[in-house]
Amino acid sequence: MHHFVYRENELYAEDVPIKKIAEAVGTPFYLYSHATLKRHFHTFNDAFQGIYPLVCYSAKANTSLAILKLFSDLGGGLDIVSGGELYRGLKAGFSSDKIVYSGIGKRVDEIDYALSSKILMFNIESLEELELIDKRAGILKMKAPIALRVNPDVDPKTHPYISTGLKKNKFGLDIQSAIEGYKAANRLQNVRIIGIDCHIGSQITEAKPFEDALQSLINLKNEIEKFGIKIKYLDMGGGLGIVYEDESPLHPSEYAKTIAALLKDTSFQLILEPGRVIVGNAGILVTRVLYRKSGLKKKFVITDAGMNDLIRPSLYDAFHAVQPVVKTEETQIVADVVGPICETGDFLAMDRKISDVKKDDLLAVMSAGAYGFAMASNYCSRPKLAEVMVKDNQFHVIRARQQYSDLMEGESIPSFIQG
Ligand code: LLP
């Protein structure tokens, strides 16, 4: 459920007609519903009644400041994968003792930044990283709080590019290496083992992969306790899927039940890192039809948003529903909805049945709140689009559209090529 609904054939975001925002802001833009963001956060959090998990919103899904601030105000923690996300998170007001740091390629400067910011936990993904974190903590005269990220080798049954917990994936440590890793960590002076972590993939719709992963974490915990290692935090990562088309993902309450059932005889503090399930259906992309044309084989609807604005269809063949903002036409056509970029892969929808839209019509590309703006780029020197948040009957531009001058920020021409 979300707050993008038609009222008499016109799409609204909460109580604001989307057409009105497009007139004020121009297109394309991302549009978020404050009420939906808030409700998704609460629904997820409240699903774990009696367990009190630390919900560390996964910044990468949507890292815009206003969205981060909303979740920090709601008492959330943050899952980060870079120094940049740490910087944004701290600016948005997250308390550092609610920040967990994952990622296989943490640089020295990022490790130092996270250590000196006193984050809750490093989720370590290799033995070399463990060694480096121990060394840096020693230099900074600190003890680094750590978990090892385990790769439990379960099939999340999702797109191969967003599976992360299979043997062949680059993430985490296999169980045997994790056992060795915990033993090694136990001998180090400057780390404090506090957790165990996994993240098996994204857009997961079934309970089984989560169950299997959690069971292997619990088994591992029992194993390493034999060496006197005590684990306080169990971080299950993120990954819960959403409805884009006709999927039937687990509801957060079923997801919570699955986890609670396995945790009932343990005393972990649970950490979760949801991203998509919170922001995915709280945002849409609004774009305008520039032109239509018919090729010999296909009809094309050409929009002012392209793969640089929303790359998911191009990269993962992802489905996003495309709807007219104002419904005027009963007739349906089958068309490719394509962007202005000079690549065949630049499409928002392929062979899609949509209403027979006209030049200048507005389209809403649904379920675009997660990994939408966050993955946008300046490809083809296209300024990054604006982001807008709606609350009740008001809207606010939370990120201004880039200007042409922004495109050259930080660039310079060396003297040896100046004439
Ligand atoms: N924790 C870790 C360590 C992660 O790597 C991720 C996502 C999450 C949490 C959040 O997962 P979520 O709850 O959002 O599924 N760009 C792709 C998704 C990549 C996910 C990467 N990791 C897409 O657009 O589908």
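None of these values were measured; they are calculated from a predicted model. (Residues numbered from 1 in each chain as written. Predicted model: local features only at pLDDT ≥ 70, side-chain atom pairs only at ≥ 80, totals over all residues. Heavy atoms only, no water.)

## So, the site of the ligand
Stated precisely, the cut-off is as follows: One heavy atom within 4 Å of a molecule or strand makes the whole residue count as near it. In the analysis that follows, any N or O atom pair within 3.5 Å is treated as a polar contact, provided that within protein one partner can donate a hydrogen and the other can accept it, and provided that, for residues neighboring in sequence, both atoms belong to side chains. To measure how exposed things are, a 1.4 Å probe is used in the Shrake-Rupley method; for residues, cover is taken only from the protein chains shown. Every definition here rests on a 1 Å grid over the protein atoms only: cavities are sets of points where a 1.4 Å probe fits but cannot get out, pockets are open sets enclosed by protein on both sides within 12 Å along at least five of seven lines, and lining residues have some atom within 4 Å of a point. Occupancy of a cavity or pocket is assigned to a molecule whenever over half of its atoms lie within 2 Å of that pocket's grid points. When residue character is reported, Ala, Val, Leu, Ile, Met, Phe, Trp, Tyr, Cys and Pro are called nonpolar, Asp, Glu, Lys and Arg charged, and the others, Gly included, polar.
Of all residues adjacent to the ligand, which total 19 residues, the nearest are Ser202, Glu273, Arg312, Tyr316 and Tyr371. Side-chain polar atom of His199 to a nitrogen atom of the ligand: 3.5 Å apart, as the coordinates give it. Measuring from an oxygen atom of the ligand, one finds a side-chain N or O atom of Ser202 at 2.4 Å. Contact with the protein chains removes 92% of the 590 Å² of surface that the ligand exposes when unbound. Taking a 2 Å distance to the grid points as the criterion, the majority of the atoms of the ligand fall inside the largest pocket. For the shell around the ligand, the per-class residue count stands at 5 nonpolar, 8 polar and 6 charged.

## Some thoughts on the domain arrangement of the protein
The figure often quoted for interface size is the accessible area lost as the parts come together. Put simply, the rule is: The start and end points of each domain follow an automatic or database-based domain assignment. Contact criterion: two residues are considered in contact whenever any of their non-hydrogen atoms come within 4.5 Å of each other. For the purposes of this entry, the term helix denotes a DSSP run of H or I that reaches at least four residues, the term strand denotes a run of E that reaches at least two, and both are numbered from the N terminus.
Entries for the protein in the domain assignment read domain 1 (4–31 + 280–408) and domain 2 (34–276). A straight line from the C-alpha centre of domain 1 to that of domain 2 covers 32 Å. Listed as interface residues are 22 residues of domain 1 and, on the opposing side, 21 residues of domain 2. Counting across the interface, domain 1 meets domain 2 through 9 residue pairs in polar contact (both at pLDDT 80 or more). Among the secondary structure elements, those contributing two or more residues to the side of domain 1 that touches domain 2 are α11 (312–316), β19 (386–391) and β20 (394–399). Tallied by class, residues from the side of domain 1 that touches domain 2 come to 11 nonpolar, 6 polar and 5 charged.

## Some thoughts on the pattern of salt bridges
Which entries qualify depends on this criterion: We define a salt bridge as a contact between a side-chain nitrogen of Lys or Arg and a carboxyl oxygen of Asp or Glu at a distance within 4 Å.
Scanning all chains against the criterion turns up 16 salt bridges. Among the salt bridges present, the one from Glu180 reaches Lys183, with a minimum N-O distance of 3.9 Å. Taken as a pair, Glu180 and Lys183 lie in helix α7 (residues 175–187) at a separation of 3 residues, close to a single helical turn. Linked by salt bridges that have partners in common, Lys298, Asp336 and Asp351 make up one network.

## Here we look at the sheet that holds strand β12 (residues 269–272)
The cut-off we apply is this: Should DSSP find at least two bridges between two strands, the strands are regarded as paired. With axes taken as lines fitted to C-alpha atoms, and helix axes fitted only over the stretch in contact, angles between N-to-C directions fall between 0 and 180 degrees.
Strand order in the closed barrel formed by 8 strands is β5-β6-β7-β8-β9-β10-β11-β12, with parallel pairing between adjacent strands. Neighbour to neighbour, the strand axes of the sheet diverge by 30° on average, direction disregarded. As paired elements, strand β7 (residues 99–101) and strand β8 (residues 121–124) share 2 bridges and run parallel to each other. Paired with Val100 across the strands is Met121, a residue of β8. Set on the sheet, helix α6 (residues 127–139) makes contact with β8, β9 (144–149) and β10 (191–197); between it and β8 the angle comes to about 150°.

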